[in-house]
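# Remarks on the overall topology
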Amino acid sequence: MTASERVVEETVESRSDASTGEPAVAIDGLRKTFGSGPEAVTAVDGVSVGIERGSVVGLLGPNGAGKTTLIKSVLGMVVPDEGDVHIGGVDARASPRAAYADVDAMLEGARNDYWRLTVRENLRYFATISGVDPDSVAARHDRLLDRLDLTAKADVAVRDLSRGMKQKVSLASVLAGGASVVFLDEPTLGLDVESSRTLQRELRRLVAEEDLTVILSSHDMDVVERVCDRVIIMADGRVVADDSVDALLGVDDTHRLELTSADFDGDLLAALSQRAAVVDTEGLDRGGRVAVDADSDDLYSLMGALEDRGVTLESVQSVDRDLEAAFVDLTGTEGADP
Amino acid sequence: MTTDETGAADVARPAGYRQLIRAVLYREYLVFVRYPANAIGGIVVALFFFGVLFYGGRMIAGRALTDSIEGIIVGYFLWTLSVGAYSAISNDIGSEVQWGTLERHVMTPFGFAPVALLKGVAKLVRTFLTSAFVLAVMLVMTGTTLSLNVLTVVTVATLTVVSVLGLGFAAGGITVLYKRVGNWLNLLQFGFIVLISAPAFDLRWTRLLPLAHGSALLQRAMVDGTRLWEFSAPALALLVGVAVGYLAGGYLVFQVATRRARKLGVLGDY
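The present account deals with the structure reproduced in this document.

Calculation notes
- Sequence order as written defines the numbering, with residues in each chain counted from 1.
- By the order in which they are written, chains take letters starting at A while ligands take numbers starting at 1.
- Confidence filtering applies because this is a predicted model: local features only for residues at pLDDT of at least 70, side-chain atom pairs given and counted only at 80 or more, and all residues used for totals across whole chains, interfaces and linings.
- Heavy atoms throughout the structure, all of them, feed into the side-chain values; hydrogens and water do not.
- Note on conventions: DSSP H or I runs of at least 4 residues are helices, E runs of at least 2 residues are strands, and numbering of each starts at the N terminus.
- Only protein chains enter the accessibility calculation, which uses a 1.4 Å probe; a residue whose area is less than 20% of its type maximum is buried, one above 50% is exposed, and one in between is partly exposed.
- Pairs of N or O atoms within 3.5 Å make up the polar contacts considered here, provided that, within protein, one atom can donate a hydrogen while the other can accept it, and that residues adjacent in sequence are counted only when both atoms are side-chain atoms.
- Residues count as neighbours in contact if any of their non-hydrogen atoms are within 4.5 Å of one another.
- Read the arc as the range of directions from the helix axis to the C-beta atoms.
- Two strands make a pair as long as DSSP finds a minimum of two bridges between them.
- Think of each axis as a best-fit line through the C-alpha atoms, taken over the contacting stretch in the case of a helix, with angles from 0 to 180 degrees between the N-to-C directions.

Another point: the side chain of Asp133 of chain A. The topology assignment puts Asp133 of chain A in the loop between helix H4 (119-129) and helix H5 (138-147). A relative accessible area of 7% places Asp133 of chain A in the buried class. Polar side-chain contacts of Asp133 of chain A include one of 3.1 Å to the backbone nitrogen of Asp135 of chain A. Setting aside residues up to four positions removed in sequence, Asp133 of chain A forms contacts with Arg13, Pro14, Ala15 and Gln19 of chain B.

What follows is the structure, encoded as structure tokens:
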């Protein structure tokens, strides 16, 4: 048996028993600077992150935040200046072939597969180069095609498929070899709403069924919000937030509401602004508007006070905090760009 | 191991180099038979330029050209082989960069280098098929007869073109590093004409250049009818040495360039 075949065999065995307790991906003090002197740009600046098995982690950040460099540094496509990467406990620098054998990636803006081959031929090819005999995972390929609604197109050349289908083929080819750690850089880029939603749904289902660990970068915060359990936000090469989606969205027992009334005069707005739950007041041509961040007790108290003052509310609007708001708060940037 | 709804389990078996070789060669075969336009286009262009060379040359140089037509046909045959192998491998590496598939290969257990080498073998076979067709048409067009001992011609031509494959790897590696230089490197194929017609017998050092020594041996094989076993051992050793040397050198340049591209973070840029 050759060295490469040994690595591949060990990999296949490790895929069968992934419950070693090690984080799927452990990044420690990763740093990458491009160029030198005054022109030097530090794209990744001492990033340390651990990603648990079976989790779906979103990577967000403004343009130039260092997300793609981080992903490529983890994958060995960019050689970092400092820091360590362990995949499934294996040092990626010392044993790259063994470390990456259980990893695959769908990269931003790239085809990622061969358009002149059919869908099934791509799956077989990429399974082989990832070290798995394609005949032994033929049933898995059928299942993947079925899950991604590609069975009818299995023998069609990828170049003849729609953009949404091509993205699905990319995803299928990434999963064809049975990689348990998958990096998806902009998986829904360029898809219409319908195709994007379908891909998100199938991705979520595959994550659950195949026990995948997914690191997903997307400019579409809806995708991150719907698909990911946890979000890492980067700015200027550093991690500025790393928390669960719920925590970043501020999902607790407080509610943000906007109340509008013609009865909100200057005196009343001034009085209301003294309340801790009131975060903003604004006078309008007719009356005014009050924004509150209130839990149930605050809300009952406020409503009681308004009732006592004889205020008639014209509108009560719930303003849910979304990931974009959290992103803007943390990075001071409007919108994300991977 | 994963299980489907019916309870059937996948037991993933490892794939070794045997499966890799089969996968890469099968992919090249599929692309060749499914999309023959490139091959046909190459044949048409090669024959068009030969037609211009032959008929135009005959009008201008008359008998002088007709007297040396055998050498011209052998040289042209070798040139089409060289250009086919060189551009196929260097352009292919460029395409893999553009498609993002080179990056995917880099992190696999096999890496991209053995895949690129296997692609090179497939391109060589493909180029032999198209160049053999071009050769046949040239012989009919000019009414020329050449000695076509298959074993001798295939062995000498293959070893000759392997050195160009090495140049293709080096060019592909440089393209990975400096994307814009890639197009300029295609001009190198016109330099092959100089190498093929290099005076390997008079200027002995030129025998160390790619193509030159092999071209001289191929002329002797196809024009004079010299068989493979009739060449001297040093001549054959030099042919093998040049082939292996340039292939190894090109492969090394490709590996170093890929590593440098990873360091600079430009592996997938296009």
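All right, on to the environment of Leu159 of chain B then. Topologically, Leu159 of chain B is positioned in helix H7 (residues 150-177). Taking the C-alpha atoms as reference, Leu159 of chain B lies 23 Å from Leu139 of chain B; in sequence the two are 20 residues apart.

All names here are of chain B. Listed in full, the buried residues belonging to helix H9 (residues 188-196) are Gln189, Phe192, Leu195 and Ile196. In an axial view of H9, the angular spread of the buried residues amounts to 90°, which keeps them on one side of the axis. Among the structural elements, helix H4 (69-99), H7, helix H8 (181-185) and helix H10 (212-224) are those in contact with the buried residues of H9.

Now for the sheet that holds strand E13 (residues 288-294) of chain A. Residue and element names in this part refer to chain A. Pairing in this open sheet of four strands is antiparallel, and the strands run E12-E13-E11-E14 from one edge to the other. Lying at the two open borders of the sheet, with one neighbouring strand each, are strand E12 (278-283) and strand E14 (315-318). Taken over all neighbouring pairs, the strand axes of this sheet differ in orientation by 15° on average, direction set aside. Examined bridge by bridge, strand E11 (residues 255-261) and E13 share seven bridges and lie antiparallel to one another. Residue Arg256 lies in a different strand from E13, and its bridge partner there is Asp293. Each of E11 and E13 touches helix H11 (residues 296-308); the most contacted strand, E13, lies at about 150° to it.

Another aspect to go through is the pairing of strand E4 (residues 82-87) of chain A. All names here are of chain A. Pairing of strand E1 (residues 25-34) with E4, which is carried by five bridges, proceeds in the antiparallel orientation. Across the sheet, Arg31 pairs through a bridge with Glu82, a residue of E4. Bridge count for E4 against strand E5 (residues 90-91) is two bridges, and the pairing is antiparallel. The partner of Ile87 across the bridge, within E5, is Val90. Turn length for the E4-E5 hairpin, with the two strands adjacent in sequence and antiparallel, is two residues, and the turn residue Gly88 shows positive phi of about 55°.

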